[in-house]
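# Coordinate analysis (summary)
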Amino acid sequence: MNRKLKKFVDRLPILKTLKPKRKEKNGDYYEVRMVEFEQKLHRDLNPTKLWGYNARFPGPLFDVNQGNPIQVKWINDLPDKHLLPIDRSILHHDIPDVRTVVHLHGSETQSDSDGYPEAWYTKNFKSVGEFFTRKVYEYPNHQRGATLWYHDHAMGITRLNVYAGLAGMYIIRDKQETTLNLPKDQYEIPLMIIDRSFNEDGSLSYPSQPNNPQESLPNPSIIPFFLGDTILVNGKVWPFLEVEPRKYRFRILNASNSRGYQLYFDSGQSFYQIGTDGGLLEKTVKVNKLAIEPAERADVIIDFSNFSGQTILLKNDLGPNASPDDETGDVMQFKVSLPLTGEDKSSIPQYLSTIPPLTQNNITTFRNLKLVGSVDQYGRPLLLLNNKKWMDPATEKPHFGATEIWSIMNTMGFPHPIHIHLIQFHILNRQPFDLDLYNKDGTIIFTGPPVPPEANERGWKDTVTVPPATITRLIMKFAPYTGQYVWHCHILEHEDHDMMRPLIVIDPKNDD
Ligand code: C2O
Ligand code: CU
Ligand code: CU
């Protein structure tokens, strides 16, 4: 960072709920415009030029009920010049720089509204990608209540479009949830956590090349990962929130490009986690440290009732090797300074919902998928799924209605958050293997038994941490749609550089 920004001087912004433009027979109709605009991200920072949905960052909040489908026209009204350095060497064709396509992450959506990376479009739909088919997207919202989010997914520049500000949150509510007496209304607050870096003048800083680039590298060149030096929540740098001494519900999303967080409170208090990516857990899980990788969501209840008058920090554990001037160990501040406006009648239920296990009786397909490190033609790290690039013919082609087990083997020395579109899955287990031996001669020797997922991972997930030197096993059922989807690493710098693959759900009755 070029300047020290004072922490906890700005109030946490509360996301505003978007109203539909009109009611239609097939559901409420919304319009959202992507524009370039300026927003003040910190008291002492000049307004920052951003790209945002409806000129705000984060974008407007969608708050919808299960069973009520909606339609959204996502309008690209962005300038012709990109805000950030574009690496054209990773693209497969010559395409316009400013292209967008929106994906509703975690949703069960038909393929033509899912935001396929090559279904991008430019301003006024003047130029469109090969897979573009429709201007208005439909979201059926028939899945269970969950905290979803939407973000840009354009081929080869997702990291830049999201970094520029194209991300927002989307809540689906259902009846089960309303029976639970959870904290609600002003006591239910979505929190989008991201990291960014800034230039002296307040503009976003994103490297145009890796540190110490070789001369032969393209300029701009994609970087292997991005870690910002400043943490923002709901679009403010290190904000504070004044709270009452009572229970609150926070829907936490990590929308960072690459950064994972280990969240904890300096007060020592716990998170009561009630939900994951795909909605409510079966039982509330008390956690003292909440790990959240890019794109994951955690629905939590925090009880401030014994902390009246105190100031509590939400921290990020950087581990023992962190540099002393790394400021990203702070996230935001809670001031328990408001008087209680009334008795807190909300509860932290023990039992939340039913999560039926996926049956392992008739698995037809077991896929062994490897996360592998290699190098591209410029000598840059090229991280691949099963040694295949994005443009290689699809290999993951599950049948509609099939239940599959995916064993994802991470042969690299660091974790990757793997995300699958269309479905929510269950984590079966993780099993460690000897990575050195594997790297020497390819033999897989397990160094321990399969370990069941953490208690707060035993729900529906769409993004999973695949730790180094382990095989992470998932079970999933491919429904309720067929068609063209993707699966990928959600570290956006990896995704953009070929760590993404097509996923085609096939109807066996009219096979491809
Ligand atoms: Cu949140 Cu395919 O992405
Ligand atoms: Cu997704
Ligand atoms: Cu990755």
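Residues numbered from 1 in each chain as written. Chains lettered and ligands numbered in written order. Predicted model: local features only at pLDDT ≥ 70, side-chain atom pairs only at ≥ 80, totals over all residues. Heavy atoms only, no water.

### Side note on the overall build of the chain
Stated precisely, the cut-off is as follows: Each helix corresponds to a stretch of at least 4 residues labelled H or I by DSSP, and each strand to a stretch of at least 2 residues labelled E; elements are numbered beginning at the N terminus. For every residue, the accessible area obtained with a 1.4 Å probe (protein chains only) is divided by the maximum for its type, and the residue is called buried under 20%, exposed over 50%, and partly exposed between those limits. It only takes one pair of heavy atoms within 4.5 Å for two residues to be counted as in contact. In summary, the charge assignment counts Lys and Arg as positive and Asp and Glu as negative, without counting His or the chain termini. Here the site of a charge means atom NZ of a Lys, CZ of an Arg, CG of an Asp or CD of a Glu.
A tally of regular secondary structure across the chain gives four helices and 31 strands. Along the longest, intermediate and shortest principal axes, the C-alpha atoms of the chain span 60 × 55 × 55 Å. Residues classed as buried in the chain amount to 59% of the 512 residues present. Of all intrachain contacts in the chain linking residues separated by at least 6 positions in sequence, the fraction that spans at least 24 positions is 77%. For the chain, the separation between the mean place of its 57 positive charges and that of its 62 negative charges on side chains is 4 Å.

### Comments concerning the coordination of the copper ion (ligand 2)
Note the following rule: For Na, K and Ca the donor cut-off is 3.2 Å, and for all other metals it is 2.8 Å, counting N, O and S atoms only; because water is absent from this set, sites may look incomplete.
Protein-derived coordination of the copper ion (ligand 2) comes from His103 (NE2) and His419 (NE2), at a distance range of 1.8 to 1.9 Å. Of this pair, His103 sits in strand 6 (residues 102–105) while His419 sits in strand 26 (residues 416–420), and the two are 316 residues apart along the sequence. According to the relative accessible area criterion, His419 is buried, its value standing at 0%.

### A few points about the pairing of strand 29 (residues 470–477)
Our working rule: When DSSP locates at least two bridges between a pair of strands, those strands are taken to pair.
Burial of strand 29 is extensive: seven of the eight residues sit out of reach of the surface. Bridging between strand 25 (residues 403–410) and strand 29 involves seven bridges; their strand directions are antiparallel. Within the sheet, the bridge partner assigned to Trp406 lies in strand 29 and is Leu474.

### Remarks on empty space enclosed by the protein
Stated precisely, the cut-off is as follows: The method works on a 1 Å grid over the protein atoms by themselves. A cavity is a set of points holding a 1.4 Å probe that cannot get out, a pocket is an open set with protein on both sides within 12 Å along at least five of seven lines, and residues with an atom within 4 Å of a point line them. Grid points are joined across faces, edges and corners, and a volume is the space filled by probe spheres set on the points. In this count, Pro and Cys sit with the nonpolar residues alongside Ala, Val, Leu, Ile, Met, Phe, Trp and Tyr, while Asp, Glu, Lys and Arg are called charged and the others, Gly among them, polar.
Scanning all chains against the criterion turns up two cavities of 30 Å³ or more. In this structure, the largest cavity occupies an estimated 40 Å³ of space. For the lining of the largest cavity, the secondary structure elements donating two or more residues are strand 8 (146–152), strand 15 (247–254), strand 17 (271–276) and strand 18 (279–287). The residue makeup of the lining of the largest cavity, split by class, is two nonpolar, five polar and four charged.

### Some details on the environment of Asn429
Relative to the elements of secondary structure, Asn429 occurs in strand 27 (residues 426–432). Taking the relative accessible area as the measure of exposure, Asn429 reaches 16% and is therefore buried. Sequence-wise, Asn429 and Ile475 are 46 residues apart; in three dimensions their C-alpha atoms are separated by 9.8 Å. The contacts of Asn429, once residues within four sequence positions are left out, are Pro450, Val451, Pro452, Pro453, Ile471, Thr472 and Arg473.

Purely geometric numbers; function is a separate question.
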